[in-house]
Amino acid sequence: MTDIIIIGAGTAGLSATIYARRAGREALILEALSYGGQIVNTPEVENYPGIKHISGFDFATGLYEQATELGAKIVFAKATGITVNPDGSKTVHTASEDYNCKAVIIATGAKNRPLGLDREEELTGSGVSYCATCDGAFYKKQPVAVNGGGNTAVEDAAFLANYCSKVYVIHRRDSFRADEAEVAKLKAKDNVEFVLNSTITRLIGEDELEGVEVTDKISGESKILEVSGLFVAIGQMPDNNSFSSVVKLDEKGYITAGEDCLTETEGIFTAGDCRTKSVRQLTTAAADGAVAALAASAYCG
Amino acid sequence: MAAITLTLDNFEEEVLNSKEPVLVDFWAPWCGPCRMLSPIVDQVAEATEGVKIGKVNVDEQEELADRYSIMSVPALKFFKNGEVVKDSTGFIPKEKIEEMIRS
């Protein structure tokens, strides 16, 4: 039986693994996709204390190598559930295998929230994108739209305005959650147009996106914006439903836990963006990893 | 076999006129998920016979990226007889790549 299974190889999960290994515990990581988590999409990280500048990829790779060089094992499979056995041990299920352990750390992170519109998946990579810094360069001199009102949306729009002929900022309210100074800077740009109190109601285009239909929430009127790119920045969502029988989820699906990273179930811990918390940063994910791993180690006895 | 570097100069010969099917990985050096995917594409290339695997750096090969309407990287395109028969965008796991080239 493994001591600790860590579900998710993002910043929180890999940090937990490093702490678990250094505490002398066997650690197995289950990862559904690839190591690194969300930070891989960030070209430049400049707010991790002690590292002035690093790419998200290099940061993630460093974490991964540190964890695996300490002897952690990683299996690329999606955890589909956790069973608490009568003796208190846990079994983590995947589609092909079950893994037994003393303690589990759930660090599944969060992913980009989709709009939930027809053909959104089909047009992803053909005009619909969730990452302006990744895909923005392909839309040079073309009209694009950004959907959202938070910091990411405003940063994305400012970034795209440097390349694109026109940037529409579509937001369902008339006020922004983003920093006021950033919104003011964006408003000052000639090629940026705000489309407020509006939601996207349809994606237009056959093989590639050609436009979006936006509907004004107040007047009820719809209009079509001709754009070749739509950057969706309406926030994150967790993916914890498979674990709802052993941990408590809040109304948005985040695992209810405090800074101690403890869940409802003894021996199941949670770390990083997948838990209820107010600040979701690399540093807080790493901190959670350490807290959860040391608690899990203590639990293993 | 090892993956080959594709450019505008060799694309016709290596991909469009290839007798074997070809998996093409469109990538960019600044793209994290591309750098995640790249070693996995290499592993698949090493382990596969009868399928050629090539890589296009979209920064250096803008014309090829344009021709195949690349709007997001990484993008994989699977060619048979010079035609794209399957494609994907974003990071995908090894099994999905193998599935793509088995079809």
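As the structure is a prediction and not an experimental result, all values here were calculated from the model.

**Quick word on the overall build of chain A**
Check the secondary structure of chain A and you find seven helices and 17 strands. Relative to a compact globule of 301 residues, whose C-alpha radius of gyration would be 19 Å, chain A shows 21 Å and is just as compact. For chain A, the spread of C-alpha atoms along the three principal axes comes to 60 × 40 × 35 Å. Looking at chain A as a whole, 45% of its 301 residues are labelled buried. Taking the intrachain contacts of chain A between residues at least 6 apart in sequence as the baseline, contacts between residues at least 24 apart amount to 61%.

**Quick look at the interface of chain B and chain A**
With 15 residues of chain B at the interface, the matching set in chain A holds 19 residues. A per-element tally of the side of chain B that touches chain A places helix H2 (residues 32-47) of chain B first, with four residues. Grouping the amino acids of the side of chain B that touches chain A by side-chain chemistry returns nine nonpolar, five polar and one charged.

**Here we look at the sheet that holds strand E10 (residues 166-170) of chain A**
Residues and elements named next belong to chain A. Strand order in the open sheet formed by five strands is E8-E15-E9-E10-E11, and the pairing between neighbours is parallel. The two strands at the open ends of the sheet, each matched to only one other strand, are strand E8 (128-129) and strand E11 (192-195). Where E8 meets strand E15 (residues 229-232), two bridges bridge the pair, whose relative direction is parallel. The residue bridging Ser 129 from the neighbouring strand is Phe 231, located in E15. Against the sheet, helix H5 (residues 151-161) contacts strand E9 (143-147), E10, E11 and E15, and its axis sits at roughly 170° relative to E9.

**Quick word on the packing of H5 of chain A against helix H6 (residues 180-187) of chain A**
All names here are of chain A. Their axes nearest at 10 Å, the elements H5 and H6 cross at an angle of 30°. Comparing their axes, H6 and H5 come out roughly parallel. When you trace H5 past H6, the crossing you get is left-handed. Counting all contacts with H5, which are made through Val 154, Ala 157 and Ala 158, the residues of H6 involved are Glu 182, Val 183, Lys 185 and Leu 186. Residues of the contact of H5 with H6, tallied by class, amount to five nonpolar, no polar and two charged.

**So, the packing of helix H1 (residues 11-22) of chain A against helix H2 (residues 56-69) of chain A**
Residues and elements named next belong to chain A. Taken N-terminus to C-terminus, the directions of H1 and H2 make an angle of 30°; their axes are 9 Å apart at the nearest point. In terms of their interaxial angle, H1 and H2 are classed as roughly parallel. In the packing of H1 onto H2, the handedness of the crossing is left-handed. Residues Thr 11, Leu 14, Ser 15, Thr 17 and Ile 18 of H1 pack against Leu 63, Tyr 64, Gln 66 and Ala 67 of H2. Residues that form the contact of H1 with H2 fall into these classes: five nonpolar, four polar and no charged.

**Some remarks on the confidence of the model for chain B**
The predicted model of chain B averages 93 in pLDDT, with 100% of residues at 70 or higher. This complex was scored by the predictor with a pTM of 0.88 and an ipTM of 0.82.

**Considering unusual backbone geometry**
Residues Val 73 of chain B and Pro 74 of chain B are joined by a peptide bond in cis, for which omega reads 0°. Tracing the sequence through the fold places Pro 74 of chain B in the loop between helix H3 (62-67) and strand E4 (75-80). We note that Asn 197 of chain A has phi near 50°; this positive angle belongs to a residue other than glycine. If you trace the backbone, Asn 197 of chain A turns up in the loop between E11 and strand E12 (198-204).

Thresholds, definitions, all that
Residues numbered from 1 in each chain as written. Chains lettered and ligands numbered in written order. Predicted model: local features only at pLDDT ≥ 70, side-chain atom pairs only at ≥ 80, totals over all residues. Helix = DSSP H or I, 4+ residues; strand = E, 2+ residues; numbered from the N terminus. Rg over C-alpha atoms; globule rule 2.2 N^0.38 Å. Buried ≥ 20, exposed ≤ 12 C-beta atoms within 10 Å, placed from the backbone. Contact = placed C-beta atoms within 7 Å. Nonpolar A, V, L, I, M, F, W, Y, C, P; charged D, E, K, R; others polar. Pairing = 2+ DSSP bridges. Axes fitted to C-alpha atoms, helices over the stretch in contact; angles between N-to-C directions. Parallel < 35°, antiparallel > 145°, perpendicular 65-115°, else oblique. Left-handed = near helix turned anticlockwise from the far one by under 90°. pLDDT = per-residue confidence, 0-100.

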